[in-house]
Amino acid sequence: MEICLTSPLDMHLHLRDTTMLRLAAPLSSDFAGAVVMPNLVPPLTNAADMLAYAQRIREATPAGVNFDPLMTLFFTAMNEQELAAAQEAPGFFGLKLYPAGITTNSEGGVSNLADAHRTLSIMEERAIPLLVHGESHGFVMDREEEFLGIYRQLATKYPKLRISMEHITTAAALQLLDEFENLCATVTLQHLIITLDDIAGGMLQPHLFCKPIAKRPADRDALLQAALNAHPRLMFGSDSAPHPRCKKESCGCAAGCFTSPLSLPKLAELFATHGKLDNLQAFVCDNACNIHGLTPSSKRVILHDQPMQVPSSYRSYGETVVPMFAGEQLPWSVKSIRES
Ligand code: DOR
Ligand code: ZN
């Protein structure tokens, strides 16, 4: 069995910078493009820094490989001129809002939503998408559900603002998606597969620890059904986040799963197992193009049901990163990629 995907997109990706960027970019560029997150140290908050980072991403991408970095800025209060400058920058995609301190490198995020009002109004006028890490500071299993009220407020107050609920993890978030036409959402690979049990139900599995944390079986199952059935406002966003091995296998494990190199084979396996391969193109590209009006670079990725050996780690430029499914054999793999 095989499937040919046209220009698959990863709508939520962390590439980092310097040596980690050089490791991660080639391992992420089976996709035709990706929405690249701005939570660098310091975060990307202006068009000039964003353009320089996009250039470093291009330099880290192997020659001859089509990979469009769709760039985001870290949400801070921005005025009309600053947003105009961002919007004029080639490759600009949107603003990513983090509640202050909610996850990796988000200390400079938003503490009081009222302070964001002016910026959100301009974004709405200018049709700039808002991407949101939607978690409260409450009990870890309830953080996403507690945040849904804020999504509801935003979707109501700014009816023309396109709001992407990033990496949703609950059945409740899916329900909200169906209530507001100006909401869309991304979902990761791991949240279609694992629950909290896989992380902490037996021996602790640091490489599966990410934020938002994986939830209950009913949540995982609802997300999987929505993806398999190509819910038109649900897009694949890996949230693949490379952390050095020593930061994951440590006391105080960093949040993030590294999935980029195996996302497409694993998605093909999941969709094939459920007899839904025909819906994979919508989930990994067409929905995003319809929602955001994207025209990705052309690329054809053929996947087939031949095994892929996932390495125990990826090492280059002095960095070592352990992927999800490290050391395992997956039933599907990339057969070929045509960059045209
Ligand atoms: O698990 C996560 N890792 N969640 C995030 O929101 C951020 C990301 C990272 O940057 O490592
Ligand atoms: Zn992320």
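Now for a quick tour of the structure. Treat the numbers as computed from the prediction; the structure is a model and nothing was measured.

Before going further, it helps to examine the coordination of the zinc ion (ligand 2). The coordination sphere of the zinc ion (ligand 2), as far as protein atoms go, consists of His-12 (NE2), His-14 (NE2) and Asp-239 (OD), spread over 2.0 to 2.1 Å. For the zinc ion (ligand 2), the single-chain donor residues occur in sequence as H-x1-H-x224-D. With His-12 in strand E2 (residues 9-13) and Asp-239 in the loop between strand E9 (234-236) and helix H10 (245-248), the pair connects residues that are 227 residues apart, well separated along the chain. When sorted by exposure, His-12 lands in the same class as Asp-239, which is buried.

Lining the immediate environment of ligand 1, one finds 14 residues, of which Arg-16, Asn-39, Lys-211, His-243 and Ala-255 sit closest. Contact distances for ligand 1 include 2.9 Å between an oxygen atom and a side-chain N or O atom of Asn-39. At a separation of 3.3 Å, an oxygen atom of ligand 1 approaches a polar side-chain atom of Thr-104. The fraction of the free accessible surface of ligand 1 (290 Å²) that becomes covered by protein chains is 100%. Of the residues that constitute the shell around ligand 1, the class distribution is three nonpolar, eight polar and three charged.

The next thing to look at is the pattern of salt bridges. Evaluated as defined, the whole model comprises eight salt bridges. Here Lys-335 and Glu-2 are joined by a salt bridge, their closest N and O atoms 2.9 Å apart. Of this pair, Lys-335 sits in strand E15 (residues 333-338) while Glu-2 sits in strand E1 (residues 2-6), and the two are 333 residues apart along the sequence. Given the relative accessible area of 43%, Glu-2 is considered partly exposed. Here Glu-249 makes a salt bridge to Arg-245, at a shortest N to O gap of 3.1 Å. Overall, the relative accessible area of 40% leaves Glu-249 in the partly exposed class.

Let us look at the pairing of strand E8 (residues 183-187). For E8, the buried fraction is high: five of the five residues fall into the buried class. Burial along E8 is two-sided: the residues Leu-183, Ala-185 and Val-187 and Cys-184 and Thr-186 are all buried. Relative to E8, strand E7 (residues 163-165) runs parallel, the two sharing three bridges. Considered in E8, the bridge of Ile-163 is made with Leu-183. For the segment spanning E7, helix H6 (residues 171-177) and E8, crossover handedness is right-handed. As defined by bridge partners, E8 adjoins E9 across three bridges and the pair is classed as parallel. Across the sheet, Ala-185 pairs through a bridge with Leu-234, a residue of E9.

Right, let's talk about the packing of helix H3 (residues 80-88) against helix H4 (residues 117-126) for a bit. It is at 10 Å that the axes of H3 and H4 come closest, and there the two elements cross at 45 degrees. In this view, H3 runs oblique relative to H4, as classed from their interaxial angle. Viewed along their axes, H3 and H4 form a crossing whose handedness is right-handed. Facing H3, whose interface residues are Glu-80, Leu-83, Ala-84 and Gln-87, H4 presents Thr-119, Ile-122, Met-123, Glu-125 and Arg-126. Tallied by class, residues from the contact of H3 with H4 come to four nonpolar, two polar and three charged.

This paragraph deals with helix H12 (residues 280-292). Between its terminal C-alpha atoms H12 stretches 18 Å, which fits the 18 Å expected from 13 residues at 1.5 Å a residue. The principal kink in H12, of about 45 degrees, is found at Asp-286. In terms of burial, H12 is a largely internal element, 11 of the 13 residues being buried. The set of residues buried in H12 consists of Leu-280, Gln-281, Ala-282, Phe-283, Val-284, Cys-285, Asn-287, Ala-288, Cys-289, Ile-291 and His-292.

Definitions and cut-offs
Residues numbered from 1 in each chain as written. Chains lettered and ligands numbered in written order. Predicted model: local features only at pLDDT ≥ 70, side-chain atom pairs only at ≥ 80, totals over all residues. Heavy atoms only, no water. Donors = N, O, S within 2.8 Å, 3.2 Å for Na, K, Ca; no water. Helix = DSSP H or I, 4+ residues; strand = E, 2+ residues; numbered from the N terminus. Buried < 20%, exposed > 50% of the residue type's maximum accessible area, 1.4 Å probe, protein only. Near = heavy atom within 4 Å. Polar contact = N/O pair within 3.5 Å; in protein donor to acceptor, adjacent residues only side chain to side chain. Areas by Shrake-Rupley, 256 points an atom, 1.4 Å probe, with all protein chains shown as cover. Nonpolar A, V, L, I, M, F, W, Y, C, P; charged D, E, K, R; others polar. Salt bridge = Lys/Arg side-chain N within 4 Å of Asp/Glu carboxyl O. Pairing = 2+ DSSP bridges. Right-handed = clockwise from strand over helix to strand, strands pointing away. Axes fitted to C-alpha atoms, helices over the stretch in contact; angles between N-to-C directions. Parallel < 35°, antiparallel > 145°, perpendicular 65-115°, else oblique. Left-handed = near helix turned anticlockwise from the far one by under 90°. Contact = heavy atoms within 4.5 Å. Expected span 1.5 Å × (residues − 1). Bend = angle between axes of the 7 residues up to and from the residue.

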